Every structure is written in C-alpha cells, then in structure tokens.
Amino acid sequence: MIELHCHTTYSDGTLTPTQLVKAAAQAGVKALAITDHDTMSGWDEAMSAASSYNMEIVPGLELSTVHRDRSLHILGFYPNRELLSPALAERLEGRKRRAAEMVAKLAALGYPIKLPEMGEGMAPGRPHIASALVQAGYAESSAEAFDRWLGDNGPAYVHYEKFSIEDGISLLRSCGAVPVWAHPYLFRGGDVEEVLAEMVEAGLMGVEVYHPNHTPAQQKRMLALCAEYGLLVTGGSDYHGPGNAKGGETTTLNQLRVPLELLYPIKSAAQTLQLTALSAS
Ligand code: AMP
Ligand code: ZN
Ligand code: FE
Ligand code: FE
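Residues numbered from 1 in each chain as written. Chains lettered and ligands numbered in written order. Predicted model: local features only at pLDDT ≥ 70, side-chain atom pairs only at ≥ 80, totals over all residues. Heavy atoms only, no water.

**Q** Sorry if this is basic, but what is going on with the site of ligand 1 here?
**A** Every one of the eleven residues lining ligand 1 counts as a neighbour, but Arg 95, Arg 98, Gly 125, Arg 126 and Tyr 160 are closest to it. The contact in question runs from an oxygen atom of ligand 1 to an N or O atom on the side chain of Arg 95, over 2.9 Å. At 3.3 Å from an oxygen atom of ligand 1 is found a side-chain nitrogen or oxygen belonging to His 240. In the complex, 82% of the free accessible area of ligand 1, which totals 500 Å², lies under the protein chains. Counting residues per element, the ones that place at least two in the shell around ligand 1 are α3 (81–108) and α4 (126–135). When the residues that make up the shell around ligand 1 are grouped by side-chain class, the tally is three nonpolar, three polar and five charged. When residues of the shell around ligand 1 are assigned to domains, at least three map to each of domain 1 (2–90 + 160–280) and domain 2 (95–150). (Near = heavy atom within 4 Å. Polar contact = N/O pair within 3.5 Å; in protein donor to acceptor, adjacent residues only side chain to side chain. Areas by Shrake-Rupley, 256 points an atom, 1.4 Å probe, with all protein chains shown as cover. Helix = DSSP H or I, 4+ residues; strand = E, 2+ residues; numbered from the N terminus. Nonpolar A, V, L, I, M, F, W, Y, C, P; charged D, E, K, R; others polar. Domains from an automatic or database assignment.)

Structure representation (structure tokens):
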C-alpha cells in the first residue's frame, strides 16, 4: 500500500519525519510520500528513518497556488531538489510574511500571540497560528480558532501571495516533478470540472482521486475524468498527525489502502520529465 500525501513538523503536521515513517510502517505502508506545504525539508530525515523499515520514500511537496481567488493545492512528486530550491525559498518567505500579517491582524482584533520559532526550511501555516491561539487561552480548540478567525474569509485570514496554477504547474514540470491536483473536491473557487480543464490545459499530469474528504461518487466521477484526459491517478490520507484533522474527522495512515501499482506510472512520468528538465537547465 502507498500513502502519497502526508505532512510533517516541517509544515503543519504534528509528527517529525522519523515519527511519521515509523507510524506509516506500522500501518503497512510500503511507499510514503512526504508532501509538506511549500518545502522539501523533511525528505532527508524521512529517508534515513525509512531505511530501517524497508520502506520507500517518495520525495514530494504540496505547492500553494491561488486560483479564482481561492487557495488551490498542487502536489509535486519527485522534483529535482537543486532546480526547485530557489523558487521554494521564495514561497517560504511569502508564507512567513503571511503568518506575520495574520498575527498582526489578530493583535489588532485584541488577540496578541507569539508564533513558535520556525527553524530553517520550515513552512508556517494557519494551523500553527491556531495552536498559538489555543495556547494563549483565546480558543478551546484549533477548530474554534479556524471558525472565529482563520477560516477562508475569516477576520484574520490572509491569502497566499499570488501564484497562479499555470505558474505552479510549469514550475513543477520544469523541475522534473509530476504535478497532481490535490483534493479537487475541496476547492471552493468554482466548478471542479471546469477548473480541471483549465489545469489540464496548463500541463497538469494527475489528480488525487483518493482523499478522505472525497465521497465514493466523487471518486468515481474523477476516475472517469482521469481516463478521459489521460491523467495519472493518486491517493493519500493528507495525514497531519494523530487526532489532527480539518473539519473534525480524524484521518489515519493507510486508511484508503491505495495500491502500490499506482506509483509506477508516476515514477516513470517523473523520469521522463527529469530528462527534459535537466537538459533544459
Ligand atoms: P494554510 O496552508 O496555511 O492556509 O493552512 C491550510 C491548512 O490548514 C490545511 O492543510 C489544513 O490542515 C488546515 N485547515 C484548513 N481549514 C481548516 C479548518 N476549518 N479547521 C481546521 N484546520 C483547517
Ligand atoms: Zn496541511
Ligand atoms: Fe492541501
Ligand atoms: Fe495536505
């Protein structure tokens, strides 16, 4: 079984890469993608931990873009680290500025907080701010913090700095990474099928069909669209750590039981992209 969407403490997950690898091995995962938001910093630790478990690590990331004024996440599998690093360093700085803006908005609303120190290469996100609000005693839970201040269009919400789906997809491809639309049915900016057509036009190569927030009917529809467009199919639990969930439901590692076979075409697509990326660079 494979898990192609997981977060660690390098973004907003609560397990370190080592802890995540151990938990995934115990859950029967044979190949695990590390897909932190806008950072590749968790890969090395995950890879050294995985060697004790006969587990394969799929290097990846979840890139934040803005489409139709809403956030849209694109997974990238197997990027060339050297090629992608400079652009990601910029994205990380953008996330840091955004976190500081949200903290300033909260202070203006009467809820001053201090963000935890973020180490080199770590990507701050709204869940970190939610935890700080809980720690300061302003909210009982992260869910309450999202409801009151941090949800999209909440009073302390700040958008990612503008980065289009076209920019995101071409950046990933030019760095040898296979671009995959993450959790399409969580997108709130418009009709999924229209947006899919736009993304395919921009060079999208796959879709995360299997995700805990997708219904069986949505999975089925998306599978048909993937066949129609010739897109790769992926799946993952979008795991953020034990007892850690958006919208209240807890996800567990390997809950979707995605078969290992789905990884092979992704890998070979990445190899082709990398040859092109390296010869162009
Ligand atoms: P960011 O990338 O900083 O905008 O943060 C997005 C992350 O916040 C998502 O990956 C979820 O883990 C989390 N999140 C988004 N909406 C909610 C919500 N309503 N309640 C709890 N967590 C949420
Ligand atoms: Zn996240
Ligand atoms: Fe996401
Ligand atoms: Fe995610």
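**Q** Just to check I follow, could you spell out the packing of helix α7 (residues 192–202) against helix α8 (residues 216–229) for this structure?
**A** Helix-helix packing: each pair is described by the crossing angle between the helix axes and the interaxial distance. Remark: α7 packs on α8, axes separated minimally by 12 Å, with the N-to-C direction vectors making an angle of 30°. With respect to their mutual orientation, α7 and α8 come out roughly parallel. As α7 packs across α8, the resulting crossing turns out to be right-handed. Contact residues: Val 192, Glu 193, Leu 196, Ala 197 and Val 200 in α7; Arg 221, Met 222, Leu 225 and Tyr 229 in α8. (Axes fitted to C-alpha atoms, helices over the stretch in contact; angles between N-to-C directions. Parallel < 35°, antiparallel > 145°, perpendicular 65-115°, else oblique. Left-handed = near helix turned anticlockwise from the far one by under 90°. Contact = heavy atoms within 4.5 Å.)

**Q** When you look at the coordination of the zinc ion (ligand 2) in this model, what are you seeing that I'm missing?
**A** Ideal values differ by geometry: the angle at a metal is 109.5 degrees with four tetrahedral donors, but 90 or 180 degrees with six octahedral donors. Looking at the metal site, the zinc ion (ligand 2) is ligated by Asp 12 (OD), Asp 12 (OD), His 37 (NE2) and His 240 (NE2), spaced 2.0 to 2.5 Å from it. Here the donor residues of the zinc ion (ligand 2) share one chain and are spaced in sequence as D-x24-H-x202-H. (Donors = N, O, S within 2.8 Å, 3.2 Å for Na, K, Ca; no water.)

**Q** Would you explain the environment of Asn 153 in this entry?
**A** Here Asn 153 shows up in the loop between α5 (142–150) and α6 (165–174). In the structure, Asn 153 is positioned 83 residues away from Arg 70 in sequence and 9.9 Å away in space, judged by C-alpha atoms.

**Q** Explain the coordination of the iron ion (ligand 3) to me, please; I cannot follow it from the model alone.
**A** The protein atoms donating to the iron ion (ligand 3) are Glu 62 (OE), His 73 (ND1) and His 183 (NE2), with metal-donor distances spanning 2.0 to 2.2 Å. Here the zinc ion (ligand 2) and the iron ion (ligand 3) are spaced 5.6 Å from one another. With His 73 in strand β4 (residues 70–77) and His 183 in the loop between β5 (178–181) and α7, this pair connects stretches of sequence that are 110 residues apart. Accessibility assignment for this pair places His 73 and His 183 in one class, buried. (Buried < 20%, exposed > 50% of the residue type's maximum accessible area, 1.4 Å probe, protein only.)

**Q** Help me understand the nonpolar core in this model?
**A** In globular proteins that are soluble, nonpolar side chains generally tend to be buried together. The biggest cluster of nonpolar side chains holds 45 residues, and the ones touching the most others in it are Leu 32, Trp 181 and Met 199. Other than its neighbours up to four places away in sequence, Leu 32 contacts Glu 3, Cys 6, Leu 20, Val 21, Ala 24, Met 55, Glu 56, Ile 57 and Val 58. (Core = buried A, V, L, I, M, F, W, Y, C linked by side-chain atoms within 4.5 Å.)

**Q** How should I be thinking about α5 in this particular structure?
**A** Along an α-helix, a turn takes 3.6 residues, which lines up residues three or four apart on a common side. Regarding α5, the residues found buried are Ala 145, Trp 149 and Leu 150. Each buried residue of α5 sits inside an arc of 60° when the element is viewed along its axis, so together they form one side. Buried residues along α5 sit in contact with α3 and α4. (Arc of directions from axis to C-beta.)

**Q** Looking at this structure, how should I read the sheet that holds strand β1 (residues 2–3)?
**A** Strand pairing in a sheet relies on backbone hydrogen bonds. The paired strands run either parallel or antiparallel. In spatial order, the strands read β1-β2-β3-β4-β5-β6-β7; together these seven strands make up an open sheet with mixed pairing. Only two strands of the sheet have a single neighbouring strand rather than two, namely β1 and β7 (232–235). Alignment of β1 against strand β2 (residues 31–34), held across two bridges, turns out to be parallel. In the strand pairing of β2, Ile 2 is matched with Ala 31. Its contacts with the sheet place helix α2 (residues 43–50) against β2 and β3 (56–67), and it is angled at close to 155° to β3. (Pairing = 2+ DSSP bridges.)

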